Amino acid sequence: GEQVEQRPPHLSVREGDSAIIICTYTDSATAYFSWYKQEAGAGLQLLMSVLSNVDRKEEQGLTVLLNKKDKRLSLNLTAAHPGDSAVYFCAVSSGGNYKPTFGKGTSLVVHP
Amino acid sequence: EAAVTQSPRNKVAVTGGKVTLSCNQTNNHNNMYWYRQDTGHGLRLIHYSYGAGSTEKGDIPDGYKASRPSQENFSLILELATPSQTSVYFCASGDGRLGRDTQYFGPGTRLLVL
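Residues numbered from 1 in each chain as written. Chains lettered and ligands numbered in written order. Predicted model: local features only at pLDDT ≥ 70, side-chain atom pairs only at ≥ 80, totals over all residues. Heavy atoms only, no water.

Engineer: Got a minute to help me understand the sheet that holds strand β7 (residues 62–67) of chain A in this structure?
Structural biologist: Neighbouring strands of a sheet are bound in pairs by backbone hydrogen bonds; such pairs are parallel or else antiparallel. All names here are of chain A. Read across the open sheet, the five strands follow the order β1-β3-β8-β7-β6; overall the sheet is antiparallel. Edge positions in the sheet fall to β1 (4–7) and β6 (56–59), since each has one partner strand and no second. Taken over all neighbouring pairs, the strand axes of this sheet differ in orientation by 15 degrees on average, direction set aside. Summarising the sheet, β6 and β7 pair through four bridges and their orientation is antiparallel. Note that in β7 the partner of E59 across the bridge is L62. (Pairing = 2+ DSSP bridges. Helix = DSSP H or I, 4+ residues; strand = E, 2+ residues; numbered from the N terminus. Axes fitted to C-alpha atoms, helices over the stretch in contact; angles between N-to-C directions.)

Engineer: In this structure, what is going on with the packing of aromatic side chains? I would like to understand it.
Structural biologist: Remark: the centre distance and the inter-plane angle together describe each pair of aromatic rings, the angle taken between the planes. Under the counting rule described, the total for this entry stands at ten aromatic pairs over all chains. For the ring pair Y25 of chain A and F33 of chain A, a centre distance of 5.2 Å and an interplane angle of 55 degrees mean the geometry is tilted. Summarising the burial analysis for this pair, Y25 of chain A and F33 of chain A share the class buried. Considering the side-chain rings of Y33 of chain B and Y48 of chain B, the 6.2 Å spacing of their centres and the 20 degrees angle between planes classify their relative orientation as stacked. Placement of the pair is Y33 of chain B in strand β4 (residues 31–38) and Y48 of chain B in strand β5 (residues 42–49), with a sequence separation of 15 residues. Three or more aromatic residues joined by ring pairs form one cluster here, namely Y36 and F102 of chain A together with Y33, Y35, Y48, Y50 and F105 of chain B. (Phe/Tyr/Trp six-rings, centres within 6.5 Å; stacked < 30°, edge-to-face > 60°. Buried < 20%, exposed > 50% of the residue type's maximum accessible area, 1.4 Å probe, protein only.)

Engineer: Got a minute to help me understand the pairing of strand β3 (residues 19–25) of chain A in this structure?
Structural biologist: A regular strand places its side chains so that they alternate between the two faces of the sheet. All names here are of chain A. Of all the seven residues making up β3, five are buried; the element is thus mostly covered by neighbouring parts of the structure. Note: β1 against β3, four bridges, orientation antiparallel. Residue V4 lies in a different strand from β3, and its bridge partner there is Y25. With six bridges connecting them, β3 and strand β8 (residues 72–77) associate as antiparallel partners. Looking across to β8, one finds that I21 is bridged to L75.

Engineer: Would you mind going over the nonpolar core with me for this structure?
Structural biologist: Among soluble globular proteins, nonpolar side chains are generally buried collectively. Among the nonpolar cores identified, the biggest contains 24 residues, and W35, L73 and L108 of chain A are the most heavily contacted of them. Those elements that provide at least two residues to this core are β2 (10–14), β3, β4 (30–38), β5 (44–51), β7, β8, β9 (86–94) and β11 (106–111) of chain A. Core analysis: the next-biggest nonpolar cluster, separate from the first, contains 18 residues, V4, W34, I46 and F74 of chain B among them. (Core = buried A, V, L, I, M, F, W, Y, C linked by side-chain atoms within 4.5 Å.)

Engineer: How do you make sense of the pairing of strand β11 (residues 109–113) of chain B when you look at a structure like this?
Structural biologist: Residue and element names in this part refer to chain B. Of the two faces of β11, the one holding T109, L111 and V113 is buried and the one holding R110 and L112 is not buried anywhere. Sheet topology note: the strand β2 (residues 10–13)/β11 ladder contains four bridges and is parallel. Bridging from a neighbouring strand, V12 pairs with L112 of β11. As paired strands, strand β9 (residues 87–94) and β11 are joined by three bridges and run antiparallel to one another. In the sheet register, S87 faces β11, and the bridge partner there is L111.

Engineer: Explain empty space enclosed by the protein to me, please; I cannot follow it from the model alone.
Structural biologist: Which parts of space are left empty comes out when a probe the size of a water molecule is rolled across the atoms. A full pass over the atoms with the stated rule returns one cavity of 30 Å³ or more. Of the volumes computed, that of the largest cavity is approximately 50 Å³. Forming the boundary of the largest cavity are Y32, S34, Y36, A91, V92, S93 and P100 of chain A together with D101, T102 and Q103 of chain B. Of all elements in the fold, only β4 and β9 of chain A reach the threshold of two or more residues within the lining of the largest cavity. When grouped by side-chain class, the residues that make up the lining of the largest cavity number five nonpolar, four polar and one charged. (1 Å grid on protein atoms, 1.4 Å probe; cavity = no way out; pocket = protein on both sides within 12 Å on 5 of 7 lines; lining within 4 Å. Points joined across faces, edges and corners; volume = space filled by probe spheres on them. Nonpolar A, V, L, I, M, F, W, Y, C, P; charged D, E, K, R; others polar.)

Any link to function would need more than the numbers given here.
Quick look at the structure:
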């Protein structure tokens, strides 16, 4: 089955810096990619989703890059601020399988 | 107003007891999911459902049952709770479009089995 590795598990940056989180996956049939944010004591909240025909998507200070050749998905928070401190998860699923596979999460701390 | 709600939010149970976790969604989504979240494991899928009356085993179904009596409600049942089932449980709903099942999560239930 699908295997997803997410790195780094912990990330600490200063306010205004970029924060990059990477996921690699194994199934070449993977077709749908999502990033979620989990704040302390809360459920996961969708940040952004992309289909496999998209290489790059930007929204509100977030950039998602998809490299299908290397089976790598990344999330870049440009100019991070303390409110971005949370745990971030990637999730991937193949076209015919509704079950997403989640990465193990990255705990991001943004220092003022 | 929250579209996915869970009850209870916190639960303390005894080993061998029966525990029922409830989830309600107002998104009118076909798919619903139960996950548990543990440090070092991320989110692991326990059971899921494609619609009322259907339940499917996820990746770690042992020790859990699920029930989907209606479009809106999905329950997770621990018939004989064990301390290893101490965790945070999340319910999610998804609209089930082929390959595009973005999920909407509830706030979670913290379960402690003594």
